[in-house]
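Summary of structural features
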Amino acid sequence: MKKVRKAVIPAAGLGTRVLPATKAMPKEMLPIVDKPAIQYIVEEAAASGIEDILIITNRGKGLLEDHFDRAPELEARLAQDPDKAGILEEVVSISRLANIWYVRQKETLGLGHAVNRARNFIGNEPFAVLYGDDVILGGDPACGQLIRAYEKHGLGVVGVKEVSRAAIRKYSSLKVEPLEDNRFRCTDMIEKPQPGQEFSLYSILGRCVLPPEIFDILDRTPPGANNEIQLTDAMKELARGPGIVAVDFTGTRYDMGSKLGVMQAGVETALRHPEIGESFRAYLKELAATL
Ligand code: UTP
């Protein structure tokens, strides 16, 4: 079986739920304390053994490319200050995380359409997809958990979590049966189910590993929910055919495409942050007493 060496990060959505912050900047560049969301995602992919990453962009391409590039002027200035050696090393290391490539999605026609832009980059290999606005933090990288499931079962894999009945309408709903440990076999799925259409409360959240056959399926997938070409609709064909494995991954997932998710990621990360964690905790306690 071919190893999963490549990943795709779709980052070309319009980010309308976090406007006006995303008017000129992709939501994937929104910071969690001091690091943009997309850096966490690239770090997760690299920690999962991914060597080549294709980021699907549209506007704001320059910002994303600059972030993963060297920054000679900044580096020269930091190098003059011995106190800044740590941050200099960190800034330089961002450009070494992985080989990063970029392609533009010329029209915002949906996540499925965005992933289909990766066909020539991927070729005939299995690949991981990490949604650019879903940051997952935890000890064992979520992408790696899915890759292990792919390597064991040889089927497409989706990362899932149970969500509330109210939330499932915004996501997808999967028909699942237990397989082993935190893995399920998925035989059907629906994107943005209306009340009563849900198979279960398990929803795909932010990560999948797909076989290259998905591209032919995407080519013939018509627009679905929200009139967008939905990746879920293409994965449904795999689920109903050979089947798909759903992994209830460990780690905390933050929706950086929503205002609440951005705040939760920021607050929880700030509490753990080596530099500001202690003072931020004291501040929060003081603030909470006044609420
Ligand atoms: P979302 O549906 O959350 O993105 O897509 P959106 O369209 O930006 O969301 P709104 O406007 O706030 O509702 C999930 C992921 O797919 C990417 C997004 O960038 C995000 O990472 N995406 C979505 C694309 O790359 N292209 C698209 O056409 C749609």
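Below is a summary of the structure that appears in this document. Every chain is numbered on its own, with residues counted from 1 as its sequence reads. Where totals are concerned, whole chains, interfaces and linings use all residues; where local detail is concerned, this predicted model gives features only for residues with pLDDT of at least 70, and gives and counts side-chain atom pairs only at 80 or more. Side-chain measures were taken over the full set of non-hydrogen atoms in the model, leaving aside hydrogen atoms and water.

All right, on to the overall build of the chain then. Every helix listed is a DSSP run of H or I at least four residues long, and every strand listed is a run of E at least two residues long, numbered separately from the N terminus. Along the chain, the regular secondary structure elements total 12 helices and 13 strands. This radius of gyration counts C-alpha atoms alone. The globule rule is 2.2 Å times how many residues there are, raised to the power 0.38. Against the globule reference of 19 Å for 291 residues, the chain gives a C-alpha radius of gyration of 19 Å, in line with a compact fold. With the principal axes as the frame, the chain shows a C-alpha extent of 60 × 50 × 35 Å. Burial classes: relative accessible area under 20% of the type maximum marks a residue as buried, over 50% as exposed, and values in between as partly exposed (1.4 Å probe, protein chains only). Across the 291 residues that make up the chain, the buried fraction comes to 50%. Here a residue-residue contact requires only that any non-hydrogen atoms of the pair lie within 4.5 Å. Sequence-distant contacts, at least 24 apart, represent 77% of the contacts inside the chain between residues at least 6 apart. Surface accessibility in these figures is a Shrake-Rupley result with a 1.4 Å probe; residues are shielded only by whichever protein chains are displayed. Accessible area of the chain: about 14,300 Å², with a carbon and sulfur share of 52%.

Our next topic: the pattern of salt bridges. The salt bridge criterion pairs a side-chain nitrogen of Lys or Arg with a carboxyl oxygen of Asp or Glu, the two atoms within 4 Å. Inspection of the entire model under this criterion finds 21 salt bridges. The residue glutamate 125 makes a salt bridge to lysine 6 at a minimum N-O spacing of 3.6 Å. Here lysine 6 lies in strand 1 (residues 6-10) and glutamate 125 lies in the loop between helix 6 (119-122) and strand 6 (127-130), a separation of 119 residues in the sequence. Neither residue differs from the other here; glutamate 125 and lysine 6 are each classed as buried. We note a salt bridge from glutamate 75 to arginine 70, for which the minimum N-O separation is 2.8 Å. If you follow the salt bridges from partner to partner, you end up with Arg5, Lys6, Glu51 and Glu125 in one network.

Let us now look at the sheet that holds strand 4 (residues 52-57). In spatial order, the strands read 5-4-1-6-11-8-12-10-9; together these nine strands make up an open sheet with mixed pairing. Unpaired on one side and paired on the other, strand 5 (99-104) and strand 9 (172-180) mark the two borders of the sheet. Across the sheet, the axes of successive neighbouring strands diverge by a mean angle of 30°, strand direction being ignored. In terms of strand pairing, strand 9 meets strand 10 (residues 183-191) through eight bridges, oriented antiparallel. The residue bridging serine 173 from the neighbouring strand is isoleucine 190, located in strand 10. Interaxial angle, 0 to 180 degrees, is taken between N-to-C directions of lines fitted to C-alpha atoms, where a helix line uses only the stretch in contact. Along the sheet, helix 10 (residues 231-240) contacts strand 8 (156-162), strand 9, strand 10, strand 11 (202-210) and strand 12 (244-248); its crossing angle with strand 10, the most-contacted strand, is approximately 130°. What makes two strands pair is DSSP finding at least two bridges between them.

As a further point, take a negative patch on the surface. Residues qualify for a patch when their relative accessible area is over 30% and they have no salt bridge, like charges being joined within 9 Å and the nonpolar side chains of Val, Leu, Ile, Met, Phe, Trp and Tyr within 5 Å. Residues scored as positive are Lys and Arg, those scored as negative are Asp and Glu, and His as well as the terminal groups of each chain are ignored. We put the charge of a Lys on NZ, of an Arg on CZ, of an Asp on CG and of a Glu on CD. Judged by side-chain charge, Asp34, Glu89, Glu90 and Glu275 come together as a negatively charged surface patch. Topologically, aspartate 34 is positioned in the loop between strand 2 (31-32) and strand 3 (35-36). A relative accessible area of 53% means that aspartate 34 is categorised as exposed.

With omega at 5°, the peptide bond leading from leucine 19 into proline 20 counts as cis. Inspection of the secondary structure assignment puts proline 20 in the loop between strand 1 and strand 2. Within the chain, lysine 192 stands out as a residue other than glycine whose phi angle is a positive 40°. The residue lysine 192 is located in the loop between strand 10 and strand 11 in this model.

Glancing now at the packing of aromatic side chains. Aromatic pairing here means that ring centres of Phe, Tyr or Trp (its six-membered ring) are within 6.5 Å. Orientation follows from the plane angle: under 30 degrees is stacked, over 60 is edge-to-face, and everything else is tilted. Going through the model one piece at a time under the given rule, you end up with four aromatic pairs. Ring centres of tryptophan 101 and phenylalanine 121 lie 6.5 Å apart, and the angle between their planes is 55°; this geometry places the pair in the tilted category. Of this pair, tryptophan 101 sits in strand 5 while phenylalanine 121 sits in helix 6, placing them 20 residues apart in sequence. Owing to a relative accessible area of 17%, phenylalanine 121 belongs among the buried residues under this scheme. Aromatic pair phenylalanine 280 and tyrosine 283: ring centres 6.0 Å apart, planes at 35°, arrangement tilted. With a gap of three residues between them, phenylalanine 280 and tyrosine 283 both fall in helix 12 (residues 277-289), about one helical turn apart.

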